[in-house]
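The primary structure of each chain is shown beneath.
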Amino acid sequence: MPDNDLDVYKQSSAEEASIRGIVSAMLTDGTETILAEVLVTDTVSDIIALTDERGQYLLPLLPEGNRQIRFSKERFVPQYHTVDITVGQVTVLDITLLEIASGHLSNT
């Protein structure tokens, strides 16, 4: 039996494509940490996911082609990444968000 939902999607069929990865954060004090509850969005199809307590996320069942993935969380600079999705493959996209310095506003 799989340990978690990510293990299930590691065995993608020929008709599925997905993106998975880990989101970490670079804090203003220079330390790096895992980031939970980051909103991960495929901006083309509006498929969304949240990172878990280990910073892991999974966007399953994505259509083939170029996708723009947005990572956002309050107090962090949002990031966009363009990814080419191929049916039958799992794309790994690990990213690091930068913490916004205290006193600065964000457009998240």
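None of the values given here were measured: they were computed from a predicted structure.

1. Some details on the nonpolar core
Formed by 19 residues in total, the largest nonpolar core has its most connected members in Ile19, Val23, Phe71 and Leu97. Counting only elements with at least two residues in this core, the list comes to strand S1 (18-26), strand S5 (56-59), strand S6 (65-72), strand S7 (79-85) and strand S9 (95-98). Among the elements that line this core, the one with the most residues is S1, at 3 residues. Setting aside anything within four residues of it in sequence, one finds Ile19 in contact with Tyr57, Leu58, Leu59, Leu62, Ile69, Val83, Ile85, Thr91 and Leu93.

2. Things to note about the pattern of salt bridges
Side chains bearing opposite charge may pair, as long as their charged atoms lie close to each other. Tallied over the full model, the rule gives 3 salt bridges. With its nearest N and O atoms 2.8 Å apart, the salt bridge here joins Arg67 to Asp42. Note that Arg67 is positioned in strand S6 and Asp42 in strand S3 (residues 39-42), a separation of 25 residues in sequence. The buried category is assigned to Arg67, whose relative accessible area is 6%.

3. Some points on the confidence of the model for the protein
Looking at the protein as a whole, its pLDDT mean stands at 81, while 80% of the residues score no less than 70. The lowest-confidence element of the protein is helix H1 (residues 5-9), averaging 43 in pLDDT; the highest-confidence one is S3, averaging 95. Below pLDDT 50 for its whole length, residues 1-14 participates in 19 contacts with residues either more than four positions away or in separate chains.

4. Some thoughts on the sheet that holds S3
Reading across the sheet, the 4 strands line up as S4-S3-S6-S7 and stay open at both edges, with antiparallel pairing between neighbours. Two strands close off the open sheet at either side, each with one partner strand: strand S4 (47-50) and S7. Each adjacent strand pair in this sheet contributes to an overall mean axis angle of 20°, direction not counted. Relative to S4, S3 is paired through 4 bridges, and the arrangement is antiparallel. Note on S4: the bridge partner recorded for Asp42 is Ile47.

Criteria and thresholds
- Residues numbered from 1 in each chain as written.
- Predicted model: local features only at pLDDT ≥ 70, side-chain atom pairs only at ≥ 80, totals over all residues.
- Heavy atoms only, no water.
- Core = buried A, V, L, I, M, F, W, Y, C linked by side-chain atoms within 4.5 Å.
- Buried < 20%, exposed > 50% of the residue type's maximum accessible area, 1.4 Å probe, protein only.
- Helix = DSSP H or I, 4+ residues; strand = E, 2+ residues; numbered from the N terminus.
- Contact = heavy atoms within 4.5 Å.
- Salt bridge = Lys/Arg side-chain N within 4 Å of Asp/Glu carboxyl O.
- pLDDT = per-residue confidence, 0-100.
- Pairing = 2+ DSSP bridges.
- Axes fitted to C-alpha atoms, helices over the stretch in contact; angles between N-to-C directions.

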